[in-house]
Amino acid sequence: MQFLNRSSRLFAVTAISAVVSLIAALPAQAVTVAPVQDVSDVLHGVTVKDPYRYFENVKDPKVQSWLKEQGESARKELDRIELRGQLEQRIAEISAATGDDIRDVTRMPGNQVYYLKRARGEKQFKLVMRDSLQGPERVLVDPELDAKRTGVPHAINYFVPAWDGKHVAYGVSAGGSEDASLYILDTASGKNVGEPIPRVHEALLGWLPDSKSLTYNQLKTLKPGDPDSETYLDSKVMWIKVGAPAAEAKAVFGPTVTTGLGLARLDVGTIIFNPGSRWMIARTTDTTLPEGFLFVADVADLDKPAVAWKKISSFDDKITDAELKGNDLYLLTHDHAPRNRVLKLDLRHPDLKLAREVAAAPKDAVLEKFSLTSDALIGEVREGTSIVLRRYAAGDVKGQNIPLPFKGAATVHNDPAHAYSDVLYTLNGWTELPRTLLLKGKVSSDPGLRVNPPMPSLPEVEVVDVKVPSYDGALVPMTLLYKKGLKRDGSNPTLLDGYAAYGFSQTAGFSPARVAWLERGGVLAYANVRGSGVYGDDWYRAGFKATKSNTWKDGVACAKYLIAEGYATPKTLGVMGTSAGGIFVGRTVTTAPELFAAAIFNVGIMDAVRAEDSANGITNISEFGSAKNPKEFPALLEMSTYHNIKDNTAYPAVMLVHGMNDPRVDVWHSAKTAARLQAATSSGKPILLRLDMQAGHGVGSTATQRYALSADIYSFLLWQMGKAKQADN
């Protein structure tokens, strides 16, 4: 079971929704200049100025008024771009031509298959199931019903079926907030049983082997006056029987429950079960880095007053994933293996020193994930932006490569009971529509789960992998996409995109919005700068805390490469980063503003110094550092875009994107940075703050919202690159 955590999903979101429910737009020239209210802190002997700290109180009516005015002005400016509507329509057309969108496929014993599906033309994903791969679909949960009832977008955040298929647990949240409540559905009747359980934000669920009860991780109720940073502290793993009132749930694991285990307040736990195993595994992380504690106990111990947990590992053992099968626990680790390996531990003798290696990464590749079948281990192996599959039979530590239908990124779908010898997976490419396939041995075939429409009529696209020398000689991998026959005369609208945090990497995948950009002669450059995991743990650690500056220095090198090679000039080059990628884009722009015509700061971490005082910011201390730590503070200040904006500097045009309900990166990051840039820039280019009143970090945004955002981003870039005009007022 892969441990889901808040920040690991930060990188996966590339779209925030369109501005909705806004009042009539004001003229752009009427936007109020945010007043400066000087606040200074002396941190470890350094005076840190913070002229817009008051924006952190987002509920202040004056802050709300300024934010609304900014959002209205941005909406007017974007709507005046003449080709914006054409772009949105084209993105919708290409999306419709690609057919239904299917994700999170889960295959359960007895041939049942569950997945989320957004049918062509629909706004949101529904939870559906089939009794077999070829069986008819049955809709179990449709969040659009709640959206129509309330007028607020709803989304399914997660689902976990019971082993016997009689029930499925799922979470739903509203308005992009990700504040999910847990529901349990009777699959036969289609009705919920029991009552909703609030503050169950993630899929940290575990069905017991008999399918009659489950465990879940629940956040505490904040008391009046509690700071936001308390939100994710002291969570508990609760155990409840199907249909029982929430008040009867029993706390079985967590910092305030199992006090003798040495857990920290930020250790968020889950319990892993398997129908063929007498064991249960308690696992924790700090919600950001996947390493943490592992404990084992007998499932029968849940009925006892206290569970006799036995410790298997801690953070220093560098275990990042775990799967349970019978008496064996399989562990993904980068201990003595920066590109990862898998160990197997017999739980009848749960001493980590007795674990033996069963799968190793091939040379020059990263064993990124693994899944268990009934008779083998399947590895997902990263090769640049591609992910290939590798089969490791018993005794074959090196494994065997599995041929795939085309070059792209393969994702193995969930078989949590390890009940099958064949494997369901989806293959996605830069220029290929995703296909869901059934792998038997080394042969992939279409199981009929996804309707594969013909590829829409699109331009022929070149995909080129390059390695860019950075300032210190390190070779940074970057993938370029552009129409065949592109002339390198510097006139091409070019967008450099990076993320580079948590060890996550840019990965191949088909995107209708990207195609719309490429059709207009655009170039896309995806850089796996240091901080990504493209070369394993060493490359990740080279863009981490004290070494984080390599992330944006690599970004500057990639920008210079695109200009030197004739793809773009500073008049046609843009740069974008999303979420934790806000550090990449913000510091690349503030380091070398002269290289760019425009930039997109997409729900970005902008104020790294103050972030830890927010609800989700505290969970990211292990990734970025703490301003309270004198050794970590200098690097944290250096990576903070907000604090590195200089007065009277010719900054490129910037569009900051944010949702008002964002639970991962608070909207004040973008607000403070927009105000600071508007005051500091001397270029005369626009600094827009694009806000959405019914969105969060992008999770749960509807298809319509996503199309609108992509159209806003690409039209803004084309406008600032001289490729599009604005209509007169």
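Source: prediction; values computed, not measured. (Residues numbered from 1 in each chain as written. Predicted model: local features only at pLDDT ≥ 70, side-chain atom pairs only at ≥ 80, totals over all residues. Heavy atoms only, no water.)

Engineer: Would you mind going over the sheet that holds strand S17 (residues 294–298) with me for this structure?
Structural biologist: Judged by pairing direction, the sheet is antiparallel, and its 4 strands sit side by side in the order S15-S16-S17-S18 without closing on themselves. Looking at which strands have only one partner, the edges of the open sheet turn out to be strand S15 (268–272) and strand S18 (310–313). Within this sheet the neighbouring strands show an average axis-to-axis angle of 30°, counted without direction. Here 3 bridges tie S17 to S18, and the two strands are oriented antiparallel to one another. (Pairing = 2+ DSSP bridges. Helix = DSSP H or I, 4+ residues; strand = E, 2+ residues; numbered from the N terminus. Axes fitted to C-alpha atoms, helices over the stretch in contact; angles between N-to-C directions.)

Engineer: Where do I start with the packing of helix H1 (residues 61–79) against helix H10 (residues 668–680) in this structure?
Structural biologist: Axis angle and axis distance: for two packed helices, these are the angle between their axes and the distance between the axes, and together they describe the pair. Their axes nearest at 12 Å, the elements H1 and H10 cross at an angle of 70°. With respect to H10, the axis of H1 lies roughly perpendicular. Crossing of H1 against H10: the hand is left-handed. Contacts from Trp66, Leu67 and Gln70 of H1 reach H10 at Ala671, Ala674, Ala675 and Gln678. (Parallel < 35°, antiparallel > 145°, perpendicular 65-115°, else oblique. Left-handed = near helix turned anticlockwise from the far one by under 90°. Contact = heavy atoms within 4.5 Å.)

Engineer: Can you help me understand H10 in this one?
Structural biologist: Structurally, the α-helix is built with 3.6 residues per turn, so residues lying three or four positions apart point the same way. Taking 1.5 Å of rise per residue, 13 residues should cover 18 Å, and H10 covers 18 Å from first to last C-alpha, within 8% of that figure. Here H10 lies mainly inside the structure; 11 of its 13 residues are buried. Of the positions making up H10, those classed as buried are Trp668, His669, Ser670, Ala671, Lys672, Thr673, Ala674, Ala675, Arg676, Leu677 and Ala680. Next to the buried residues of H10 lie H1, strand S36 (598–602), strand S37 (653–659) and strand S38 (687–692). (Expected span 1.5 Å × (residues − 1). Buried < 20%, exposed > 50% of the residue type's maximum accessible area, 1.4 Å probe, protein only.)

Engineer: Sorry if this is basic, but what is going on with the pattern of salt bridges here?
Structural biologist: When their charged atoms lie close together, side chains carrying opposite charge are able to pair. For the coordinates displayed, the defined rule picks out 48 salt bridges. The partner of Arg107 in a salt bridge is Asp422, and the shortest N-O contact between them spans 2.8 Å. A residue pair is termed long-range when its members are at least 10 positions apart, and Arg107 in strand S3 (residues 101–107) and Asp422 in the loop between strand S27 (409–412) and strand S28 (423–428) qualify at 315 residues. Note on accessibility: Arg107 and Asp422 belong to one class, buried. With a closest N to O distance of 2.8 Å, Lys545 and Glu632 form a salt bridge. Pair noted here: Lys545 is in the loop between helix H5 (537–541) and helix H6 (549–564) and Glu632 is in the loop between helix H8 (621–624) and helix H9 (633–638), with a separation of 87 residues, a long-range link. Comparing Lys545 with Glu632, the two get one shared label, buried. Each of Asp41, Asp50, Arg53, Glu56, Asp607, Arg610, Glu612, Asp613, Lys628 and Lys672 takes part in a single network of salt bridges with overlapping partners. (Salt bridge = Lys/Arg side-chain N within 4 Å of Asp/Glu carboxyl O.)

Engineer: For this particular structure, what's the right way to read the pairing of strand S9 (residues 181–186)?
Structural biologist: Consecutive side chains of a regular strand alternate in pointing toward one face of the sheet and then the other. Pairing between strand S8 (residues 167–174) and S9: 6 bridges, direction antiparallel. Each residue of the ladder has a partner; that of Val168, found in S9, is Leu185. Here S8 folds back onto S9 in antiparallel fashion, the turn holding 6 residues, of which Gly175 has a positive phi close to 60°. Alignment of S9 against strand S10 (residues 191–197), held across 4 bridges, turns out to be antiparallel. Bridge pairing links Asp186 to Lys191 in S10.

Engineer: Just checking my understanding: could you explain the side chain of Thr320 for this structure?
Structural biologist: Summarising the element assignment, Thr320 is placed in strand S19 (residues 319–325). The buried category is assigned to Thr320, whose relative accessible area is 17%. Ignoring sequence-local partners within four residues, the contact set of Thr320 consists of Arg283, Pro290, Glu291, Leu332 and His334.

Engineer: Before we go on, may I ask you to explain the pairing of S17 in this structure?
Structural biologist: The element S17 is extensively covered by neighbouring structure, given that 5 of its 5 residues are classed as buried. Alternating residues of S17 divide into Leu294, Val296 and Asp298 and Phe295 and Ala297, and every residue in both groups is buried. Note: strand S16 (residues 279–285) against S17, 5 bridges, orientation antiparallel. Of the residues in S17, the one forming a bridge with Met280 is Ala297.

Engineer: Which parts of the structure should I look at to understand the packing of aromatic side chains?
Structural biologist: Given two aromatic rings, their pairing is described by the distance between the two centres and the angle made by the two planes. Under the definition given, this model contains 17 aromatic pairs. Arranged with centres 6.3 Å apart and planes meeting at 40°, the rings of Tyr499 and Tyr502 form a pair that is tilted. Judged on exposure class, the residue Tyr499 and its partner Tyr502 are both buried. Aromatic side chains Tyr535 and Trp539 sit 5.1 Å apart centroid to centroid with 75° between the ring planes, which places their arrangement in the edge-to-face category. Looking at Tyr535, the relative accessible area reads 25%, which means it is partly exposed. Grouping aromatic residues by their ring pairs yields a cluster made of Tyr52, Tyr54, Phe55 and Trp66. Above the plane of the ring of Trp539 lies Arg530, whose end atom (NZ or CZ) is 5.7 Å from the centre. Between the NZ or CZ atom of Lys553 and the centre of the ring of Tyr471, over which it lies, the distance is 4.9 Å. (Phe/Tyr/Trp six-rings, centres within 6.5 Å; stacked < 30°, edge-to-face > 60°. Lys NZ or Arg CZ within 6 Å of the ring centre and 35° of its normal.)

Engineer: Would you take a moment to explain the environment of Asp186 for this structure?
Structural biologist: Relative to the assigned elements, Asp186 resides in strand S9. Expressed as a C-alpha distance, the spacing of Asp186 and Tyr115, which sit 71 residues apart in the sequence, is 16 Å. If we ignore the near neighbours within four places in the chain, the residues touching Asp186 are Lys166, His167, Lys191 and Val193. Side-chain polar atoms of Asp186 contact the backbone nitrogen of Ser189, separated by 3.1 Å. (Polar contact = N/O pair within 3.5 Å; in protein donor to acceptor, adjacent residues only side chain to side chain.)

Engineer: For this particular structure, what's the right way to read the sheet that holds S36?
Structural biologist: Adjacent strands of a sheet pair through backbone hydrogen bonds, lying either parallel or antiparallel. If you walk across this open sheet you meet the 8 strands as S31-S32-S34-S33-S35-S36-S37-S38, and the pairing is mixed. A single partner strand is all that each edge strand has here, and the edge strands are strand S31 (461–469) and S38. Taken over all neighbouring pairs, the strand axes of this sheet differ in orientation by 20° on average, direction set aside. Bridge analysis of strand S33 (residues 494–498) against strand S34 (residues 523–527) gives 5 bridges, and the strand direction is parallel. Along S34, the bridge assignment pairs Gly498 with Ala527. Together, S33, strand S35 (573–578) and S36 form the strand contacts of helix H7 (residues 581–591), whose direction differs from that of S35 by roughly 150°.

Engineer: Would you mind showing me how to read the environment of Trp719 here?
Structural biologist: Counting through the fold element by element, Trp719 comes out in helix H11 (residues 703–720). Linking Trp719 and Ala393, residues 326 residues apart in sequence, is a C-alpha distance of 55 Å. Beyond its immediate chain neighbours, meaning those up to four positions away, Trp719 contacts Glu77, Ile81, Pro686, Leu688, Ala724 and Gln726.

Engineer: Would you mind showing me how to read the packing of helix H2 (residues 84–97) against helix H4 (residues 512–519) here?
Structural biologist: At their nearest, the axes of H2 and H4 sit 8 Å apart, and the two run at 125° to each other. Classed by the angle they form, the pair H2 and H4 counts as oblique. Where H2 crosses over H4, the two elements pack in a sense that is right-handed. From H2, Leu87, Arg90, Ile91, Ile94 and Ser95 reach across to H4, where they touch Pro512, Ala513, Val515, Ala516 and Glu519. When the residues that make up the contact of H2 with H4 are grouped by side-chain class, the tally is 7 nonpolar, 1 polar and 2 charged. (Nonpolar A, V, L, I, M, F, W, Y, C, P; charged D, E, K, R; others polar.)

Engineer: Teacher, can you tell me more about the environment of Val476 here?
Structural biologist: Along the chain, the position of Val476 falls in strand S32 (residues 475–483). Spatially, the C-alpha atom of Val476 lies 44 Å from that of Ala147, the residues being 329 residues apart in sequence. If we ignore the near neighbours within four places in the chain, the residues touching Val476 are Val466, Lys467, Val468, Ser470, Asn528, Val529, Trp539, Asp554 and Cys558.

Engineer: Just to check I follow, could you spell out the confidence of the model for the protein for this structure?
Structural biologist: Atomic detail in the predicted coordinates should be set aside for any region of low pLDDT. Summarising the model, the protein shows a mean pLDDT of 93, and 95% of its residues fall at 70 or more. Note that residues 1–30 has pLDDT below 50 and, in this model, 113 contacts with residues that lie over four places away or in other chains. (pLDDT = per-residue confidence, 0-100.)

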